[in-house]
Amino acid sequence: LLEAEESFCKNDVETAKTYYEKAITSAKHHKFVHEEALAHELSAYFYLELGKREQSAEHFMQAHEKYLEWGALGKCDSLLKFVEFM
């Protein structure tokens, strides 16, 4: 996930996409629900910055589901408010 963020900061979009997907896949594989939620959330912001609202919304909803599964209800509310504001 850090590599994805670093690539994003360096405007290396393709590498960032790859690392975001790897972070999501790895967290899912290891059943790290909180890490999967964070990876989806950061991926959503990434796609939002690129102007890809549909992909962004999809990742925000996945993040919401994972935060809910983890029990982070405040974070779920915060994400929903942000998505409504978009």
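This text goes with the structure placed above it.
Residues numbered from 1 in each chain as written. Predicted model: local features only at pLDDT ≥ 70, side-chain atom pairs only at ≥ 80, totals over all residues. Heavy atoms only, no water.

Trainee: Help me out: how do you make sense of the nonpolar core in this one?
Mentor: Within soluble globular proteins, side chains that are nonpolar tend to cluster in buried spots. By size, the foremost hydrophobic cluster in this structure holds eight residues: Ala37, Ala44, Phe60, Ala63, Tyr67, Ala72, Cys76 and Leu79. Those elements that place two or more of their residues in this core are α3 (33–49), α4 (53–70) and α5 (73–85). For this core, the element with the highest residue contribution is α4, accounting for three residues. Aside from chain neighbours lying at most four places away, what touches Ala44 is Ser56, His59 and Phe60. Ala16, Tyr20, Phe46 and Tyr47 belong to the second-largest nonpolar core, a separate cluster that totals five residues. (Core = buried A, V, L, I, M, F, W, Y, C linked by side-chain atoms within 4.5 Å. Buried < 20%, exposed > 50% of the residue type's maximum accessible area, 1.4 Å probe, protein only. Helix = DSSP H or I, 4+ residues; strand = E, 2+ residues; numbered from the N terminus. Contact = heavy atoms within 4.5 Å.)

Trainee: Which parts of the structure should I look at to understand the packing of aromatic side chains?
Mentor: The geometry of an aromatic ring pair comes down to the distance between the two centres and the angle between the two planes. In the structure shown here, the tally under the stated rule is six aromatic pairs. With a centroid separation of 5.0 Å and 85° between ring planes, the pair formed by Phe8 and Phe46 is classed as edge-to-face. Of this pair, Phe8 sits in helix α1 (residues 2–9) while Phe46 sits in helix α3, placing them 38 residues apart in sequence. Accessibility expressed as a relative area gives 0% for Phe46, which makes it buried. An aromatic cluster of at least three residues, connected via ring pairs, comprises Phe8, Tyr20, Phe46 and Tyr47. (Phe/Tyr/Trp six-rings, centres within 6.5 Å; stacked < 30°, edge-to-face > 60°.)

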